[in-house]
Amino acid sequence: MMPEFEAHLAPYAALATTSPGRQFAELTPPTRSEFQRDRDRIIHSTAFRRLEYKTQVFVNHEGDLFRTRLTHSIEVAQIARSLTRNLRLNEDLVEAISLAHDLGHTPFGHAGQDALNACMKDYGGFEHNLQSLRVVDSLEQRYGAFDGLNLMFETREGVLKHCSLTNAQQLGDVGRRFIERKQPTLEAQLANLADEIAYNNHDIDDGLRSGLLTTDQLNEVTLYARYRHEAESQFPGISGRRAINETVRRMINALVDDLIQQSRANIRHAEIKTIEDVRNAPPLIAFSENMKKEAQELKRFLRTNLYHHYQVNRMTSKARRIVTDLFDIFISGPELLPLDYQIAGDDRTAQARKVADYIAGMTDRYAMREYRRLFAVDEI
Ligand code: MG
């Protein structure tokens, strides 16, 4: 019998009843849906709490009001849930995926991930999506019966947004879609685009707040200019933070509305009836062509003017050095690692993976502290 939690959903939504389920069999929870349980396990995990002290764009200590990976993940979940409700998809699943999507991120954002990937090149590389899956599949240690959180297949699949073919081949069930070139659930596709909507908009907000971006610059971006104009027409004389907030919330609404309309049309045209149809169709959750173009323009703008701003570059360069030096000192001296991260024997690849797990699990400030402990001559 279909649990009533999911009775109102569209026939092509991801459902616990049609799911391959969990790796280790567990009794059905009596008071929650299966995907709610996943969401709850994610919120209670150690990796989730660490997100508070991990960089999105700005390092946590640079200012109290900038997004961190934690607030970013919450914003993604909020946007994803609104979208999901409109499309009658599984809100619990999309929330679980959104909250877990960045669990595998290294300290210092993309700079940290790129540096760790370079350090790991002879040992199988480092991909943050795959690391997020590793966190929920094995690194969290909370249950007597299994390692990891033992999440539902669709949650794990959604967390693994991208993955190289070599890695996909070693992953079994969750890797198969990359080999067979099939799509994940609509909920996974949706969480992915909600991530984009969230960071494009909050990076504008944080960029302006930090002074690295100016509103004059942003007025060159079609999407921003349109909604800034709309906000100013509705509230003549509006300025400062209030004007920015009125603009950004209009942009988020426009992106969300566009995504709902276009995705609905795509689902209808492709005559999607079941979750199998979803997997075999091209990606169905999408922006209209025009909105896609405007969103790309915004992304390009942010890449050039914010992510590669010289002040951000300075942080990036420092982050790269911290991660690389930590990796080097640990791989050449595993006896410096906490005991949990030392392996018996001399399998260098296995040891390197442990070092990567250790570094990836660090918050920004923990990595800096560890760096000082190991390299500062005036600190014991
Ligand atoms: Mg993200």
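Peer 1: I keep staring at the side chain of Glu-294 and nothing clicks. Help me out?
Peer 2: Looking at the element boundaries, Glu-294 is found in helix H15 (residues 289-307). By relative accessible area, which is 9% here, Glu-294 ends up buried. Among residues more than four places away in sequence, those in contact with Glu-294 are Thr-222, Leu-223 and Arg-226.

Peer 1: Even after reading the chapter, I still don't get the coordination of the magnesium ion, so can you show me in this structure?
Peer 2: Geometry sets the ideal angles at a metal, namely 109.5 degrees for four tetrahedral donors and 90 or 180 degrees for six octahedral donors. The coordination sphere of the magnesium ion contains the protein donors His-72 (NE2), His-101 (NE2), Asp-102 (OD) and Asp-195 (OD), at a distance range of 2.1 to 2.7 Å. Mapping the donors of the magnesium ion onto the primary sequence yields the spacing H-x28-H-D-x92-D. Residue Asp-102 is located in the loop between helix H4 (91-100) and helix H5 (109-119), and its partner Asp-195 is located in helix H10 (residues 186-210); the two are separated by 93 residues in the primary sequence. For Asp-102, a relative accessible area of 4% puts it in the buried group. The class for Asp-195 is buried, based on a relative accessible area of 7%.

Peer 1: What exactly am I supposed to notice about the pattern of salt bridges here?
Peer 2: Oppositely charged side chains can pair when the atoms bearing their charge come close. For the coordinates displayed, the defined rule picks out 30 salt bridges. A salt bridge links Lys-299 to Glu-196, with the shortest nitrogen-to-oxygen separation between them at 3.3 Å. One end of the pair, Lys-299, is in helix H15; the other, Glu-196, is in helix H10, with 103 residues separating them in the sequence. Residue classification places Glu-196 among the buried residues on the basis of a relative accessible area of 18%. The network of salt bridges with shared partners includes Arg-32, Arg-39, Asp-40, Arg-81, Arg-85, Glu-91 and Glu-95.

Peer 1: Honestly, the packing of helix H16 (residues 310-332) against helix H17 (residues 348-360) in this entry has me stumped. Any pointers?
Peer 2: Axis angle and axis distance: for two packed helices, these are the angle between their axes and the distance between the axes, and together they describe the pair. At their nearest, the axes of H16 and H17 sit 10 Å apart, and the two run at 140 degrees to each other. Between H16 and H17, the angle falls in the class oblique. As H16 runs across H17, the sense of the crossing is right-handed. Contacts from Val-323, Leu-326, Phe-327, Phe-330 and Ile-331 in H16 reach Arg-348, Gln-351, Ala-352, Val-355, Tyr-358 and Ile-359 in H17. Grouping the constituent residues of the contact of H16 with H17 by class yields nine nonpolar, one polar and one charged.

Peer 1: What should I look at first to understand the nonpolar core in this one?
Peer 2: Within soluble globular proteins, side chains that are nonpolar generally end up buried alongside one another. Counting 60 residues, the largest nonpolar core has Tyr-12, Leu-83, Leu-186, Leu-190, Ile-204, Leu-218 and Tyr-224 as its most contacted members. Elements with a contribution of two residues or more to this core: helix H3 (69-86), H4, H10, helix H12 (222-234), helix H13 (240-269), helix H14 (275-280) and H15. Among the elements that make up this core, the one with the highest residue count is H10 (ten residues). Contacts of Tyr-224, omitting those with residues within four sequence positions, involve Ile-204, Leu-208, Thr-215, Leu-218, Asn-219, Ile-244, Thr-247 and Met-251.

Peer 1: Can you help me understand H10 in this one?
Peer 2: For H10, with 25 residues, the first-to-last C-alpha span of 36 Å sits near the 36 Å given by 1.5 Å per residue. Burial runs high along H10: 21 of the 25 residues are buried. Downstream of H10 by one or two residues, Gly-211 has phi in the positive range, about 85 degrees.

Peer 1: Could you clarify how one ought to interpret the packing of aromatic side chains in this entry?
Peer 2: The geometry of two aromatic rings is summed up by the distance between their centres and the angle between their planes. For the coordinates displayed, the defined rule picks out seven aromatic pairs. Taking the centre distance of 4.7 Å and the plane angle of 40 degrees together, the rings of Tyr-341 and Tyr-358 count as tilted. Note that Tyr-341 is positioned in the loop between H16 and H17 and Tyr-358 in helix H17, a separation of 17 residues in sequence. Look at Tyr-371 and Phe-375: their rings are 4.7 Å apart centre to centre, the planes differ by 35 degrees, and that puts the pair in the tilted class.

What counts as what
- Residues numbered from 1 in each chain as written.
- Predicted model: local features only at pLDDT ≥ 70, side-chain atom pairs only at ≥ 80, totals over all residues.
- Heavy atoms only, no water.
- Helix = DSSP H or I, 4+ residues; strand = E, 2+ residues; numbered from the N terminus.
- Buried < 20%, exposed > 50% of the residue type's maximum accessible area, 1.4 Å probe, protein only.
- Contact = heavy atoms within 4.5 Å.
- Donors = N, O, S within 2.8 Å, 3.2 Å for Na, K, Ca; no water.
- Salt bridge = Lys/Arg side-chain N within 4 Å of Asp/Glu carboxyl O.
- Axes fitted to C-alpha atoms, helices over the stretch in contact; angles between N-to-C directions.
- Parallel < 35°, antiparallel > 145°, perpendicular 65-115°, else oblique.
- Left-handed = near helix turned anticlockwise from the far one by under 90°.
- Nonpolar A, V, L, I, M, F, W, Y, C, P; charged D, E, K, R; others polar.
- Core = buried A, V, L, I, M, F, W, Y, C linked by side-chain atoms within 4.5 Å.
- Expected span 1.5 Å × (residues − 1).
- Phe/Tyr/Trp six-rings, centres within 6.5 Å; stacked < 30°, edge-to-face > 60°.

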